[in-house]
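# Notes for the structure review
Single-letter residue listing:
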Amino acid sequence: METFLGCKKLFIRFYNRSEQSLQNMTLSINKGEKVLILGPSGSGKSTLISALAGIIPEHIEAEVSGEVFSRKNVGVMFQDPDSQFCMLHVDEEIAFSLENRSIPRNEMDKMIADLMVHVGLNVDKRTPIETLSGGMKQRLALACLLALEPEVLFFDEPTAQLDPKGRQEIFDLLHQLSKKTNQTMVFVEHVLDGCIEWMDRVILLNDRGAVIADGKPIEILQNFQKEMEEAGIWRPRVFPEKWVEVVENTSHPLSIKLSNILESKSLEKLKEVDKQELVIHTEKVDIGYGKKTIVSDINVKIRKGEWVSIIGQNGSGKSTFLKSMIGLEPIKKGQLYFQNKELNKWSDRELYEKAGFVFQNPELQFITDTVYDEIAFGGRQRNWPKDLIETKTLQLLKEFGLERYRDAHPFTLSLGQKRRLSVATMLLFDQILLLLDEPTFGQDEKTANELIRCLKERQELGTTIMMVTHDMDLVDHYSDQVILFNEGKVMYQGPPNGLFSNEKMVQECRLIPPLHYQLMHERRGLVFV
C-alpha cells in the first residue's frame, strides 16, 4: 500500500553542521490524520516537517539520505510569518495564493474577504503587511494557506506570536476546519492546551532528532512522562483531565492543587519597592510608529530591581512601548526619563552601557558569523581581557545549551536556539535594565526555566527586568507589577493578583488568566470561551 505521507530511514545533516539534525527517521502518516510532533528546542521538529513538505532539499540545501514520501500540494505555516510573505499588502498576499490555483480575478475579492473573516483578520484589505502585529501576520499566513486548498497542512508553531485568546481562537478554527474537511494536518507546537485534545497521534523526538515514542496523545502523556520531563517538553495543563470536572468537583486532585495555589497567592506580600530609585518614569507619553499613535497618556513608574511584565492583545502597543523605553522608537508626546534624566539627553553609547534590549525577532541583533563570537562581541567592543571574555562566553554557552553550536552561524540555529542566543548576548553585561520582547517564545520547558532563572538571579542583584510576554503563568509567578495595554491606554498597572482577580477587567480585555484564577472565576459564573 502506498504511503500517503512519511519517510523511511531518513537522515538529514545541514552542510554547515557536523552533527545530524535527524537520525534514522521512519514514520507514516495517513490521509486525514492530525499529528503533533513534540521535542525539545533543536530536536529537528522543523527540519522534519520541512523534509515532509519538500522544502528540504529542494529549497533548503542539506545532506539527505533515505526516502521521503511527500504530497505535491502542501501548505506550510512557518514560525516566522515574515519569511513567507512576498507582497506588500494583505489582499495581494492572499491573491498570490489564489493565482497559484488559477482563480479568475473577478472571483478573488469575495474569496479574499471570506478568508480574512474566516481567520479573524479584522483589518482593511489594503493594509501594508509590514504594519501588522506579529499575531495578525500569523492570521494572514493562515489565510494564504487556506487559499491554496492543500492536501496537507504543516504548522510550525502557528500560534507562537498570538496572545492567549488569539491562540485559543486559532486552535478552535483549525479544529473546526479539520472536522469539516478531514484535512491532514501536521503540527509542531510548544503550547499544547487547545491543540493536543484533538490530535490523533503524538510523535516524540529526543534532543538528537530520533523518535522515542509514537502513539495516541493520552498514551504518550501517561507512559512517557519521565522522558518528556527530562527532555524539557512542555505538557498540557489540563489534558487528559476534563476541565468541567475540575470546576465542578472540589475534591478533584487538580482542583485541590489549583485552590492551594490561589490561597498562597492571596497570602503573598507585595515587594517593598517604593523607596527604590526610579529607573524609568513617564509623564503623559504617547507612543506609536509612523504617523499612528497606538497608546496615549502613559504615566508609569518603574523602580530598581522590579520585574515588570507588559501584556495585552496583539497590536496593543506592547513591543512599541518596550522599544520606546530605550529610544528605538521615538515617543510622540510627553516626557520619558531614564534614571531621572530625559532619555533624549543620553548618548547611545552611555544608554546601551546601562540598558540591554532583546528583540522579538532575534536575527535583528546578530552581527557575527559564529555563536561564540556573537556572545563575545560586546566584551571585545569594551576591550575586556581575553580570559574574561572566554570565561563568561563559555559559561553562557553552557547555561543556554549552546555549547555544541559554538562554531555554527547564528542564522542556522532553530528559532528556539536563536532566542536563547539573543538573550545570552545581553546577559554578558551587568546592565541595570534589561528589556525583553517575548524571550520565552519558542522555548522548551527546560530552556525557558533556565532562562528565567538567569534573569531572576540578575533581578536579585538589582537589575530591572521589563518583559513583553503572552505567558500569563510567567506573569503571575514572577512579576512585581503588570502593565496592561488595552484600546489605546494603560488599563492596569499593579501586582498580577489584583489584575487576574478582577473579573470585569479580565473579561473586557480578553485575558485568559492562569488556571487557578480561571477556576475561581468559573465557580463564580465567568466562563472562558
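Residues numbered from 1 in each chain as written. Predicted model: local features only at pLDDT ≥ 70, side-chain atom pairs only at ≥ 80, totals over all residues. Heavy atoms only, no water.

### Remarks on the overall build of the chain
Across its full length, the chain holds 20 helices and 20 strands. Against the compact-globule benchmark of 24 Å for 529 residues, the chain has a radius of gyration of 23 Å, which places it among compact chains. With the C-alpha coordinates of the chain rotated into their principal frame, the extents come out at 75 × 60 × 55 Å. Classification of the 529 residues of the chain by burial places 55% in the buried group. Within the chain, contacts between residues separated by at least 24 positions form 66% of all contacts whose residues are at least 6 apart in sequence. Accessible area of the chain: about 24200 Å², with a carbon and sulfur share of 48%. Separation of charge centres in the chain, based on 65 positive and 77 negative side chains, amounts to 2 Å. (Helix = DSSP H or I, 4+ residues; strand = E, 2+ residues; numbered from the N terminus. Rg over C-alpha atoms; globule rule 2.2 N^0.38 Å. Buried < 20%, exposed > 50% of the residue type's maximum accessible area, 1.4 Å probe, protein only. Contact = heavy atoms within 4.5 Å. Areas by Shrake-Rupley, 256 points an atom, 1.4 Å probe, with all protein chains shown as cover. Lys, Arg positive; Asp, Glu negative; His and termini not counted. Charge placed at Lys NZ, Arg CZ, Asp CG, Glu CD.)

### Some points on the domain arrangement of the chain
Once the domains are mapped, the chain shows domain 1 (5–239), domain 2 (241–272 + 495–528) and domain 3 (278–494). Measuring from the centre of the C-alpha atoms in domain 1 to the corresponding centre in domain 2 gives 32 Å. Listed by partner, the interface residues are 7 residues for domain 1 and 10 residues for domain 2. When domain 1 packs against domain 2, the two sides together hide about 770 Å² of surface, and 57% of this comes from carbon and sulfur. Counting the surface domain 1 buries against domain 2, the share from its top three residues, K165, R237 and V238, is 70%. Linking domain 1 with domain 2 are 1 salt bridge. One salt bridge connects E169 with R510, and the closest N-O pair in it is separated by 2.9 Å. For the interface between domain 1 and domain 2, the tally reads 2 residue pairs in polar contact (both at pLDDT 80 or more). In terms of residue class, the side of domain 1 that touches domain 2 is made up of 3 nonpolar, 1 polar and 3 charged. (Domains from an automatic or database assignment. Buried area = accessible area lost by both parts, 1.4 Å probe. Salt bridge = Lys/Arg side-chain N within 4 Å of Asp/Glu carboxyl O. Polar contact = N/O pair within 3.5 Å; in protein donor to acceptor, adjacent residues only side chain to side chain. Nonpolar A, V, L, I, M, F, W, Y, C, P; charged D, E, K, R; others polar.)

### Some remarks on the pattern of salt bridges
Tallied over the entire structure, the rule returns 24 salt bridges. As a salt-bridge pair, R406 and D407 come within 3.8 Å of each other at their nearest N and O atoms. You can call D407 exposed: its relative accessible area is 61%. Sharing partners across several salt bridges, the network here consists of E33, R201 and D214.

### Re the sheet that holds strand β3 (residues 34–38)
Read across the sheet, 6 strands follow the order β5-β6-β7-β3-β8-β9 without closing on themselves; strand pairing throughout is mixed. Each edge of the open sheet carries a strand with a single partner, namely β5 (74–77) and β9 (211–215). For this sheet, the mean inter-axis angle between neighbouring strands, taken without regard to orientation, is 15°. With 5 bridges joining them, strand β6 (residues 152–156) and strand β7 (residues 184–188) adopt parallel strand pairing. Across the sheet, residue F155 finds its bridge partner in β7, namely F187. (Pairing = 2+ DSSP bridges. Axes fitted to C-alpha atoms, helices over the stretch in contact; angles between N-to-C directions.)

### Quick notes on the nonpolar core
Counting 50 residues, the largest nonpolar core has L36, I94, L140, L142, F155 and F187 as its most contacted members. The leading source of residues in this core is helix α5 (residues 134–148), at 9 residues. The contact partners of L140, leaving out residues within four places of it in the chain, are F85, V90, E93, I94, L121, I129 and L132. With 31 residues, the next largest nonpolar core counts W307, V358, L413 and L427 among its residues. (Core = buried A, V, L, I, M, F, W, Y, C linked by side-chain atoms within 4.5 Å.)

### What about the UniProt feature "domain: ABC transporter" (unreviewed entry) in the chain?
Here the UniProt-annotated "domain: ABC transporter" (unreviewed entry) positions come out as residues 5–233 and 280–512. For residues 280–512, helix accounts for 36% and strand for 26%, while the C-alpha atoms at its two ends are 28 Å apart. (UniProt positions renumbered as here; feature names shortened; annotations may be inferred.)

### Remarks on helix α10 (residues 253–267)
Given 3.6 residues to a turn, an α-helix orients residues that are three or four positions apart in the same direction. For α10, with 15 residues, the first-to-last C-alpha span of 22 Å sits near the 21 Å given by 1.5 Å per residue. Buried residues of α10: L254, S255, L258, L262 and K265, and no others. Looking straight down α10, one finds its buried side chains confined to an arc of 100°; they lie on one side. Relative to its buried face, α10 has exposed residues pointing more than 90 degrees away, namely P253, K257 and L267. Of the surrounding elements, those touching the buried residues of α10 are α9 (243–248), α17 (472–478), α18 (496–500) and α20 (515–523). (Expected span 1.5 Å × (residues − 1). Arc of directions from axis to C-beta.)

### Let's talk about the packing of helix α13 (residues 371–381) against helix α15 (residues 415–426)
It is at 8 Å that the axes of α13 and α15 come closest, and there the two elements cross at 25°. Relative to α15, α13 is oriented roughly parallel. The element α13 and its partner α15 pack so that their crossing is right-handed. Where α13 approaches α15, its residues V371, E374 and I375 are matched on the opposing element by L421, A424 and T425. Among the residues forming the contact of α13 with α15, the class breakdown is 4 nonpolar, 1 polar and 1 charged. (Parallel < 35°, antiparallel > 145°, perpendicular 65-115°, else oblique. Left-handed = near helix turned anticlockwise from the far one by under 90°.)

### Observations concerning the pairing of β9
By the bridge criterion, 4 bridges tie strand β8 (residues 201–205) to β9 in an arrangement that is antiparallel. Each bridged residue has a counterpart across the sheet, and for L205 the counterpart in β9 is V211. In textbook terms, the turn of a hairpin is the stretch between consecutive antiparallel strands, and for β8 and β9 this stretch comprises 5 residues, one of which, G209, has a positive phi near 80°.

### A look at the sheet that holds strand β1 (residues 5–13)
If you trace the 3 strands from one edge of the open sheet to the other, you get β2-β1-β4, paired in antiparallel fashion. Of all the strands in the sheet, the pair left with one neighbour each is β2 (22–29) and β4 (63–69). The mean angle between the axes of side-by-side strands here comes to 5°, regardless of whether they run parallel or antiparallel. Examined bridge by bridge, β1 and β2 share 5 bridges and lie antiparallel to one another. Each bridged residue has a counterpart across the sheet, and for I12 the counterpart in β2 is L22. Docked against the sheet, helix α1 (residues 45–52) engages β1, β2 and β4, running at close to 125° with respect to β1.

### Brief notes about the side chain of R167
For R167, the location among the structural elements is in helix α6 (residues 164–181). Buried within the structure, R167 lacks any salt-bridge partner; E189 is the closest side chain of opposite charge, at an N-O distance of 5.9 Å. If we ignore the near neighbours within four places in the chain, the residues touching R167 are T159, L162 and V191.

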